[in-house]
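Chain by chain, the residues run as shown.
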Amino acid sequence: MLTDAQKAQYAQDGFIVIPGFKTAAEIAALRARAAQVVNDFDPTVAQGIFTTKEQEKKADDYFLASDNTVRCFFEEEAFGPDGQLKQAKELSINKIGHAMHDLDPAFRAFTADARLEQIARDIGLAEPQVWQSMYIFKQPGIGGEVRWHQDATYFDTTPISVTTFWFALEDATLENGCMWAEPGGHRTPLRERFIREGDQVRVEKLDDTPWPTDATAVPLECKAGSLVCFHGLLPHYSAPNRSPVSRHAYTLHVTDGRTEYSKRNWIQRDAAFPVRGFL
């Protein structure tokens with residue numbers, strides 16, 4: 001799937017952007033299904049809020065039990081001082097996660113793409129295993145910041161192999177909170193490890209290397225249908241969305257089955273619900 005030049009760019013930068021990877025019809029089908037999931041979600045049952053800040057304190061039972069099912073999470077700014085939603089439910093959801101790729105036919109159809117299997121192999125994943133899926137809304141006006149992080153923090157393997165497949169379902173721009181990344185940052189150390197022990201989680205500090213700044217990071221603006229692949233050690237970030245338009249995206253986190261997947265990662269699978277690849 002990838003040319004030699006694309007492979008070289010991935011090795012150099014730690015990421016690659018492939019425009020026009022998914023069609024408008026494929027995007028429309030996934031967006032329609034995501035809208036239905038949100039429509040069926042009863043916010044009176046649970047009000048999980050997604051945040052990348054103070055994760056040890058805020059990783060509640062609702063979040064931890066979303067590892068192998070499908071749940072909705074609100075934006076941090078979705079609720080007013082009175083505890084009520086400030087705007088319509090469909091404009092308040094931060095994301096859906098985390099096992100739609102295996103449990104929901106529409107998400108499975110989008111994920112089960114032989115081209116993704118080939119790209120994974122092209123960038124070094126001999127046995128791709130898809131552990132997590134997320135549908136991210138990045139809502140207009142209240143879309144939350146995602147702080148600088150590395151995805152290997154959450155999907156530790158020996159050696160590190162996690163790779164992210166990020167699909168733009170709408171245009172991602174500076175105005176609506178596109179991702180930023182540091183070219184070559186995948187050659188920096190793993191700074192943190194998110195560890196789950198039973199129903200308790202903690203963040204283990206590993207390295208004091210500072211996070212990138214605007215001086216070294218670049219925005220990954222891209223059109224709807226683009227696929228962004230990036231290395232698990234690549235530092236990346238997205239700003240809040242204060243614009244009037246959303247920035248929908250779908251994300252998969254994939255490891256190589258040849259590597260040792262840590263038993264302390266927050267998502268685990270067993271024989272009753274085995275991890276699968278793209279096919």
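About the criteria used
- Residues numbered from 1 in each chain as written.
- Predicted model: local features only at pLDDT ≥ 70, side-chain atom pairs only at ≥ 80, totals over all residues.
- Heavy atoms only, no water.
- Helix = DSSP H or I, 4+ residues; strand = E, 2+ residues; numbered from the N terminus.
- Buried < 20%, exposed > 50% of the residue type's maximum accessible area, 1.4 Å probe, protein only.
- Polar contact = N/O pair within 3.5 Å; in protein donor to acceptor, adjacent residues only side chain to side chain.
- Contact = heavy atoms within 4.5 Å.
- Core = buried A, V, L, I, M, F, W, Y, C linked by side-chain atoms within 4.5 Å.
- Pairing = 2+ DSSP bridges.

Caption draft 1: Main features of the side chain of Asn241. Along the polypeptide, Asn241 turns up in the loop between strand S13 (236–238) and strand S14 (249–256). A relative accessible area of 0% places Asn241 in the buried class. Within the local environment of Asn241, its side chain forms a polar contact with the side chain of Ser243, the two groups lying 2.7 Å apart. If sequence neighbours within four positions are ignored, Asn241 has contacts with Lys138, Gln139, Pro140, Gly141, Ile142, Gly143, Glu175, Asn176, Ser246 and Arg247.

Caption draft 2: Geometry of the nonpolar core. Core analysis: the largest hydrophobic core is formed by 55 residues, its most contacted members being Ile96, Tyr135, Phe165, Phe167, Leu227 and Tyr250. No other element matches helix H2 (residues 24–40), which puts 5 residues into this core. Among the nonpolar cores identified, the runner-up in size contains 17 residues, and Phe15, Trp148, Trp180 and Val228 belong to it.

Caption draft 3: Quick peek at the sheet that holds strand S5 (residues 146–149). Strands sit in the order S5-S13-S8-S11 across an open sheet of 4 strands; the sheet is antiparallel. Two strands lie at the open edges of the sheet, namely S5 and strand S11 (218–219), each paired on one side alone. Note: strand S8 (residues 179–181) against S11, 2 bridges, orientation antiparallel. Within S11, the residue paired with Ala181 across the bridge is Val218.

On their own, these measurements won't tell you what the molecule is for.
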